[in-house]
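Coordinate analysis (summary)
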Amino acid sequence: MDPQRESPQSGGTGRGGVWRRMKRNAGMILGGRAVFGLVNLAAAALAVRAVGIEAFGVVILLQAYVRLIAGLLKFQSWAAVTKFGAEALAAGREEDFRRLIGFTIRLDLIGLAASIGLGLLCAPLVGRWLGWPPEAVALAPWFVLTIPFITAATPTGALRLFDRFAVMVRQHAYNAIVRFVGAALVLWLGGGLEYLILVWILASFLSGFQLMLAAAGELRRRRLAPRMLGSWTALSAGFPRIWRFVIVLNATSLMDTILTHATVLAVGGALGPTAAGLFGVVRQMTESLNRLSSLLGPIIFPEFAWMEARGDRRAIARLLWRTLALAGAGLSAFCLVLFLAGELLLTLLFGAEAAPAAGLLTVVGLSAALMALGFAIEPVMLTIRKEKALLWSAVTSTALFLAALWPFMGWFGLIGAGFALLLRQGIVFLHRLFILYRALVLKPRRAG
């Protein structure tokens, strides 16, 4: 086996080794996101110029619909692979790991089948509610079929566990490049909305497919092919409380899905496609922050999992506080840039019709910064088995968000959606930080 691609349990588990590995992976992911995030931003700018802000809003609504449906029924099996897979491999239980992969793949297949069925069934109804043009309604089923390629949960978990973060960089690169080239062609050739939708569909297919192939190759190389046969009980044997872990995490993820994608649909339903387009433009500019938690969290999750497997909670606390301090400094600078130059950036990238979203950009940027600042918090809570507290903060904050969203939009217009997001994220961050302070500082049960 190639020593350069061994899983972290084979060596380098000291504080220096962990930090070096994290810096390498974070640099790779963030560097790729920075470069290809700009490419994605350029693709959005070309798309707006090609079809206009209202038609681009239709694409954003279609994408939000598909991701919402996928998120509602998606099992967060990548986290189970990371948490329980680290424990199994650390103990030399390769056969148990193979059964774990078979277990999570089964969960994925059930979720995918249900998501595709629900997405196809509801697309015409949602299209009428949101006022999609006929070409968007006709292509919506094809957009729904991208769900397996945007929710490759088990493959993603395996790649993260085995330190193959470069594959995720390639996934984002393929997605961004296909969108950019496709949007440029639509603009150059004078194509309409339907061609832009096809570009977004193709980007999802290609980027997700290469990730699946890479994960299958990695498991085959390590002789850890999934074991699919047997009952659910047989496949989950040796992983106590895995069902509770998966169910609670799925419920928590459901709250984040509602926050991320249902908000776009709510804005479109309440304020129209143009407002949805402006909201989508703002989310495009803050996407790097919105996704920072989902990018860096999985990088640090395996490290926390190995530390917990060794019973070293003091190391978990040290690593958590250090990452929060470093992230806070960079995020403060980013928010300052959005506040001072938001209107200029919107005008330069998307034209004068995007300038009214400057206030929304500042507020959504603050919310995204809080989400990004807590990127290490959720992995720690999952590692030390605080799933219920994680779920409670998600449920409470999302309920308050939903209660505030429509009144805020009625009082403040489009920027009201940003205020609702900021309220929700502030509650999540403070509650989870308090839980971890109690668990790791006041009552560290497994401090080593």
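Residues numbered from 1 in each chain as written. Predicted model: local features only at pLDDT ≥ 70, side-chain atom pairs only at ≥ 80, totals over all residues. Heavy atoms only, no water.

A closer look at the packing of helix α6 (residues 153-161) against helix α8 (residues 193-221)
- Two elements in contact, α6 and α8, have axes whose closest approach is 9 Å; the angle formed by their N-to-C orientations is 55°. As the angle between them shows, α6 and α8 are arranged oblique. Handedness of the crossing formed by α6 with α8: left-handed. Here α6 contributes P155, T156, A158 and L159 to the contact with α8, which in turn contributes L211, M212, A214, A215, E218 and L219.
- A per-class count over the contact of α6 with α8 returns eight nonpolar, one polar and one charged. (Axes fitted to C-alpha atoms, helices over the stretch in contact; angles between N-to-C directions. Helix = DSSP H or I, 4+ residues; strand = E, 2+ residues; numbered from the N terminus. Parallel < 35°, antiparallel > 145°, perpendicular 65-115°, else oblique. Left-handed = near helix turned anticlockwise from the far one by under 90°. Contact = heavy atoms within 4.5 Å. Nonpolar A, V, L, I, M, F, W, Y, C, P; charged D, E, K, R; others polar.)

What to know about the packing of aromatic side chains
- Inspection of the entire model under this criterion finds 13 aromatic pairs.
- When the centroid spacing of 5.9 Å and the interplanar angle of 40° are considered together, the rings of F408 and W411 count as tilted. Placement of both F408 and W411 in helix α17 (residues 387-412) is noted, with a separation of three residues, approximately one turn of the helix.
- The structure contains a cluster of three or more aromatic residues connected by ring pairs, namely F408, W411, F412 and F419. (Phe/Tyr/Trp six-rings, centres within 6.5 Å; stacked < 30°, edge-to-face > 60°.)

Section: a nonpolar patch on the surface
- Judged by side-chain polarity, I177, F180, V181, L185, W188 and L189 come together as a nonpolar surface patch covering roughly 640 Å² of accessible area.
- Mapped onto the secondary structure, V181 falls in helix α7 (residues 165-189). (Patch = residues over 30% accessible without salt bridge, like charges linked within 9 Å, V, L, I, M, F, W, Y side chains within 5 Å. Areas by Shrake-Rupley, 256 points an atom, 1.4 Å probe, with all protein chains shown as cover. Salt bridge = Lys/Arg side-chain N within 4 Å of Asp/Glu carboxyl O.)

Describing the confidence of the model for the protein
- Considering every residue of the protein, the mean pLDDT works out to 79; 86% of them sit at 70 or more.
- When the criterion is pLDDT under 50, residues 1-13 qualifies, and its contacts beyond four places in sequence or with other chains add up to 25 contacts. (pLDDT = per-residue confidence, 0-100.)

Comments concerning unusual backbone geometry
- Located in the positive-phi region is R223, a residue other than glycine, with phi close to 60°.
- The residue R223 is located in the loop between α8 and α9 (232-236) in this model.
- Residue R241 is not a glycine yet carries a positive backbone phi of 65°.
- Along the chain, R241 turns up in the loop between α9 and α10 (242-271).
- R241 gets classed as partly exposed once you look at its relative accessible area, which sits at 44%. (Buried < 20%, exposed > 50% of the residue type's maximum accessible area, 1.4 Å probe, protein only.)

Some words on the side chain of D96
- When you line up the elements, D96 lands in helix α3 (residues 94-130).
- Side chain to side chain, D96 and R99 meet in a polar contact 2.4 Å long. (Polar contact = N/O pair within 3.5 Å; in protein donor to acceptor, adjacent residues only side chain to side chain.)

Describing the nonpolar core
- Membership of the largest hydrophobic core comes to 70 residues, with the highest contact counts inside it found for F56, Y65, W132, I197, L346 and F350.
- Top contributing element to this core by residue count: helix α1 (residues 15-73), with 20 residues.
- Not counting residues up to four positions away in its chain, the partners in contact with I197 are V59, L62, A136, L139 and F143. (Core = buried A, V, L, I, M, F, W, Y, C linked by side-chain atoms within 4.5 Å.)

Topic: α6
- Here α6 lies mainly inside the structure; nine of its nine residues are buried.
- Along α6, the residues that are buried comprise A153, T154, P155, T156, G157, A158, L159, R160 and L161.

Details of the environment of Q63
- Secondary-structure assignment places Q63 in helix α1.
- As for Q63 and I197, which are separated by 134 residues in sequence, their C-alpha atoms are 9.2 Å apart.
- Sequence-distant contacts of Q63, that is, excluding residues within four places in its chain, are made with F143, R179 and W200.
- Separated by 3.4 Å, the side chains of Q63 and W200 make a polar contact.

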